[in-house]
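Architecture and fold: a report
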Amino acid sequence: MKTCIFIVAIVVGMLSACTRNPNVPHGEFLIQGELKDVPDGTVIKLEKSNKGLIETLISDTLKNGKFSFQDTISSLRNLIIGSLDQGFPPDWLEVWVEPGAYIRITGKSKLILSWQVESDIPEQADENSFINCLMPEQMQMMAYMADEYDWLKKAYFFPADDVDEAFKRKAWVKIDSIRKLEKPLQSVLTEKELNFMKEAPVSKTWMKRMLWFSSLLHTGRMPYEAELKELYTRCLLYTSPSPRD
C-alpha cells in the first residue's frame, strides 16, 4: 500500500513539474508560443504602438512550431504580436505584459486573432473576451484580409521583378472582389462588438474600443452614433476604477 502511495506521489509530482510555469525574474516578462499548421521559418514579431507608429521590439523565427520573447518591463502595458509572412492578415494580437509575467500562446493557423493567450493578467482576460465575442465571423474576416494582403504584397508592396501592369490589374480585380465581401461582414462584426460592450465591464480594453469607435464618427465610417451615445453614458456612470488603473 505504501509503495502504491509513493508511486502516485511521484507521478503527481512529475505532472506538476510538467505544467508548472517557468520562473520569470521580476522586471522581465516571458512569452512562449506554440503553433500548429504554421510553417517553420515564419517570422513572428513583438511590437509596440508608439504615437500611432508600430515599432518592432523583438523578432523570432518559428522553429519546431515554437517562438518566444523575453524582455525587461517596468509596469503593466500592452504589446502586439504579428507577422508579415504570406497567409497572415494585416492584423495583430494584443498581449498584456507586466513585471514577472509568463504568457503562453497557442494557435492552429495563421489567422492570428484565433490564437489563445493565457496569463494571470486580468487585462488579458478582458482582451480575450472582446476577441471571443466576434467569433466565428472574425475568422472569416481574417481569411479575407489575409488573401487581400497577399495580393497587395505581390502586386504593390513587395513586387517581384517580373510583375507588370497586367498582373497589377489582375491583382486589383481580386482585391476589389474581396473588399466587397468584407464590407457587409465588417458591419456584422461592429454590431456584435457594440452589443457586447453594452454588458461587458468597463475596462482598459473597453475604453480603448470606445475611443476607436468614437474616432470613426468623424470619418463617416461609423453609422452607429446612437449606440455610441448609449455606451458613452455607461462610461460616465463608471465611477469605480480598478486599483490597477
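Residues numbered from 1 in each chain as written. Predicted model: local features only at pLDDT ≥ 70, side-chain atom pairs only at ≥ 80, totals over all residues. Heavy atoms only, no water.

**A short note on the side chain of Glu193**
Operational definition: Secondary structure elements are taken from DSSP: a helix is a run of H or I of four residues or more, a strand is a run of E of two residues or more, and numbering for both begins at the N terminus. Partly exposed residues are those whose accessible area sits between 20% and 50% of the maximum for their type, while under 20% is buried and over 50% is exposed, using a 1.4 Å probe and protein chains only. As used in this structure description, the phrase polar contact means that two N or O atoms lie within 3.5 Å; if the pair is within protein, one of them must be able to donate a hydrogen and the other to accept it, and residues adjacent in sequence are counted only when both atoms belong to side chains. A contact between two residues is defined here by any heavy atoms of the two lying within 4.5 Å.
On the secondary structure map, Glu193 appears in helix 4 (residues 165–197). Relative accessible area serves as the criterion here: at 6%, Glu193 is assigned to the buried category. Among the polar contacts made by the side chain of Glu193, one reaches the side chain of Arg209 at a distance of 2.7 Å. Residues contacting Glu193, with those up to four places away along its chain left out, are Phe130, Cys133, Leu134, Arg209 and Phe213.

**Some details on the packing of aromatic side chains**
Convention followed: Whether two aromatic rings pair depends on their centres lying within 6.5 Å, for rings of Phe, Tyr and Trp, where Trp uses its six-membered ring; planes under 30 degrees apart make the pair stacked, over 60 edge-to-face, and the rest tilted.
Inspection of every chain in the model, using the stated rule, returns seven aromatic pairs. Ring centres 5.9 Å apart and planes at 35° place the aromatic pair Trp151 and Phe167 in the tilted group. With Trp151 in helix 3 (residues 137–157) and Phe167 in helix 4, the pair connects residues that are 16 residues apart, well separated along the chain. For Trp151, a relative accessible area of 12% corresponds to the buried category. With relative accessibility at 26%, the residue Phe167 sits in the partly exposed group. Between Tyr156 and Trp172 the ring centres are 6.2 Å apart and the planes differ by 90°, which places this aromatic pair in the edge-to-face class.

**A look at the pattern of salt bridges**
Going by this rule: Any carboxyl oxygen of Asp or Glu that lies within 4 Å of a side-chain nitrogen of Lys or Arg is treated as forming a salt bridge with it.
A complete count under the given rule lists eleven salt bridges for this structure. Here Glu127 ties to Lys208 by a salt bridge, and the two come within 3.1 Å at their closest N and O atoms. With a gap of 81 residues between them, Glu127 in helix 2 (residues 122–132) and Lys208 in helix 5 (residues 204–217) connect regions that are remote in the sequence. Residue Lys208 is classed as partly exposed on the basis of its relative accessible area, which comes to 26%. Note that Glu165 and Lys168 form a salt bridge whose closest N and O atoms lie 3.9 Å from each other. Of the two residues, Glu165 and Lys168 both sit in helix 4, three residues apart, roughly one turn of that helix. Under the relative-accessibility criterion, Lys168 is labelled partly exposed at 23%. Within this structure, Glu94, Glu127 and Lys208 form a network of salt bridges that share partners.

**Let's talk about helix 3**
Turning to helix 3, its buried residues number three or more, namely Gln138, Met141, Met142, Met145, Ala146, Glu148, Tyr149, Asp150, Trp151, Leu152, Lys153 and Ala155. Next to the buried residues of helix 3 lie helix 4.

**Quick look at unusual backbone geometry**
Of the consecutive residues Met135 and Pro136, the connecting peptide bond is found in the cis state with omega at 5°. Tracing the sequence through the fold places Pro136 in the loop between helix 2 and helix 3. Despite not being glycine, Asp37 has its phi angle at roughly 60°, a positive value. With respect to the element layout, Asp37 can be found in the loop between strand 1 (28–35) and strand 2 (43–50). In the Ramachandran plot, Asn64 falls in the positive-phi region, its phi being about 55° despite a non-glycine side chain.

**Comments concerning the confidence of the model for the protein chain**
Segments scoring low in pLDDT should not have their predicted coordinates read at a detailed level. What counts is decided by this rule: Values of pLDDT, the confidence the predictor places in each residue, fall between 0 and 100.
Across the protein chain, pLDDT averages 88, with 89% of residues at or above 70. Taken as a whole, residues 1–18 scores under 50 in pLDDT and shows zero contacts with residues more than four places along the chain or in a different chain.

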